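Take a look at the letters that make up each chain.
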Amino acid sequence: MPSKQEDNVWTKLPISKGYLSVHLVFLFVTSTLQLTYGQCIEGTVSFEKIAGTTLREAVQAPLYSIAPSAREADNPVTAECTNRCRASPDCPAFLINYDRGACFALNIISEGRRESLTPSPDKTNYFEKICLKAPGCERAWTFERVVGKELLGFDDRIIGNIQNRLECQELCLQERVFPCRSGEYDYTLQQCRLSAEDRRSQPSSFRPAIGNVDYFENQCVDNTGGPGQCQYEQKNDLDLQQPDLLRSAFSPEQCRALCDGTRAFVCRSFTFQPSAARCWLSSDDVVSAGARALVPRSEVFFYQRSNCLDMKLTCSSEAMKLTLKTLEPFDGRIFAKSAPHKCEIYGNSRTSTVFELPLVSENCGGRKERNGEFSNTVVIQHHPVIQRKGDRMIQLLCLFEASQQTVTNSFNLLIGGGGAATSVVNATAPSPNIRLRITDRNGQDITGARLGDELYLRIEIDDDSVFGILARDLVARNGRDDDYIILIDNNGCPTDPSIFPSLEKVPGTKALQGKFDAFKFSDDVVVRFQVNVQFCLQECDPVSCGDSNSYGRRRRRKAEESPFPILPDYPLQREIIVEGISVTRTKDDDITKNTGNNGENVICTSKTVVAAAVISAVLIQLCIITACITCLVLNRRSHDRDDVSTTTSHMTPFGSRGILQSLRRLE
């Protein structure tokens, strides 16, 4: 939940020289209606945002700018600009220039002049004031619009004879049959098309429109499934530099919680600076601002929302049914943790996937708990073969009388460390040392990692060698060698760059390197990397792999040009341990309120550790039994000697003395 600090930032009203703080955005909207009664009678003042755009014909008047000292701290201006324009009847629209840390009031709006909305060379967002007659929400702006685009093939409702775009947007707010996440307005046909999908849930269907069509997104609909239901993609030393709110945070997790809990706008990304404990929240991401909007910035971490899950569990007297909804089509795998190969389902490239499990079943591992609870543990992984960051392990709980519940989830991971393996290539040419290493971002060799850690696979060769290197047939296998995934194919190209990218040369060396996020196989903690290394004289040419180049193909040379024969392929192997994910225990009274970490930790181990523990236990038991037998024998001998002492008068003095000495030793 956002604090009063956030609410105050978004509800400052200029009154004379001071400011009046109002603690709720909708109360602020109500208080400003009288100031804007000339523009919005019997309605609600809000805004419509168009990213990366400026209105070409508009006259710009300074509305607000931050001082140079505040600009150095990257203080956002969005809240102040929104409040000032909302309170002024002479501000129908405004433009934020993030590069200058300022905003400007415009004298006209885009209605009737759509052609004047043009891309801006600077980092800007255009905001246009609208008057809504339909119920809105607490967001600072209600809609985001993209000119000339449409979401093709996902129209849930089509309404004709709609006079303008605003009327279409109000119909989206009033829709009750399905959650209206987006819509399109066709100016020529006067047609309104509403959809439960949006450009992030169906990115392949978002394209330039045919005709005069504008696309818009409803900011009042929660597109994330609730706080904690989304993962964030991390990028180091990059920043969007389009912040809307600045908060204090001491960890990425705190910054993420602030982003998830923001009510003033839909937070889609954040930037965390550990050295200053600062967290910038933004309503933009690379989808709205463009992939080129990310710029280098040292000592910061940029996080963009992705992999949003919306899970719901329905319980009946015979089965539990898990319904998974994702923003992107799901092609992964869902399976019962105790029976991964007997009880599983694969995604079919849809945003809704249903997995039904019996309440009690040997094949699916369901069991009955105390107090009439039934439980099972399932794993949701986005790739059909391997586990990566963002995958979840969830414990499902159903009460017999329960009808429906919302599943909350989280995960915890473990980490380890170690050294690297080295191999030596023997050939007729001078033998180069070739090494396969798995390292962290600091270049330290590791043998263990947690799911989603940033890792580097490095293939190194002596820099003074006459050979250059390239790699192909990079395969990751599990510890039992019965499951694998191809990362780099025979041509040297990545099969899925989101899992493992193209290999690139390390600047200033002959080494090759690929950065990837740690992943694991569903039921094994061992990930074994195998690669074939090829050699070229001096240097190797990279192979073209679509949008990237990878060092996976040998440079062509004529035989007579080669002073040395090319070495044969050399296989290298390296394995690491990637520990599993933890379980979140979900009860049926967690219908709508639980969003934190309530999970029970799952401790994963290997067969070697289990065998060592069993052997140790057996040895300890044998030692205990041996000690007991020894004590019994000694005790029996002591009693026997006591009996013998009563007949010492019949023994020789030598024998009597020996027995007494033995008794003294026992005492």
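Scroll up a little and you will see the structure.
These numbers were taken from a predicted model, which means no experiment stands behind them.

A. The state of the cysteines, seen in detail. Enumeration according to the criterion identifies 12 disulfides in this entry. There is a disulfide in this structure between Cys172 and Cys180, and the S-S distance comes to 2.1 Å. Disulfide Cys172 to Cys180: torsion about the S-S bond roughly -110 degrees, handedness left-handed. Note on accessibility: Cys172 and Cys180 belong to one class, buried.

B. Spotlight on the sheet that holds strand E16 (residues 213–218). Strand order across the open sheet formed by 10 strands is E5-E7-E6-E9-E3-E10-E16-E13-E14-E12, with mixed pairing between neighbours. Unpaired on one side and paired on the other, strand E5 (60–65) and strand E12 (157–159) mark the two borders of the sheet. Here the average twist between neighbouring strands, direction ignored, is 25 degrees. Across 3 bridges, E12 lies against strand E14 (residues 191–195) in antiparallel orientation. Paired with Ile158 across the bridge in E14 is Arg193. Sheet strands in contact with helix H5 (residues 165–174) are strand E3 (44–51), strand E9 (124–132), strand E10 (143–147), E12, strand E13 (182–186), E14 and E16, and its direction is about 80 degrees off that of E9.

C. Region of the structure containing the pattern of salt bridges. Within this structure, the stated rule accounts for 39 salt bridges. Among the salt bridges present, the one from Asp260 reaches Arg256, with a minimum N-O distance of 3.5 Å. You can see Asp260 and its partner Arg256 sitting in helix H6 (residues 252–261), 4 residues apart, about one turn around the helix. The class for Asp260 is buried, based on a relative accessible area of 18%.

D. Fine view of H6. Where H6 is concerned, the buried positions are Cys255, Leu258, Cys259, Asp260 and Gly261. Its buried side turned inward, H6 meets strand E17 (231–239), strand E18 (245–248), strand E19 (269–273), strand E20 (278–282) and strand E21 (295–306).

About the thresholds
- Residues numbered from 1 in each chain as written.
- Predicted model: local features only at pLDDT ≥ 70, side-chain atom pairs only at ≥ 80, totals over all residues.
- Heavy atoms only, no water.
- Disulfide = S-S within 2.5 Å.
- Buried < 20%, exposed > 50% of the residue type's maximum accessible area, 1.4 Å probe, protein only.
- Pairing = 2+ DSSP bridges.
- Helix = DSSP H or I, 4+ residues; strand = E, 2+ residues; numbered from the N terminus.
- Axes fitted to C-alpha atoms, helices over the stretch in contact; angles between N-to-C directions.
- Contact = heavy atoms within 4.5 Å.
- Salt bridge = Lys/Arg side-chain N within 4 Å of Asp/Glu carboxyl O.

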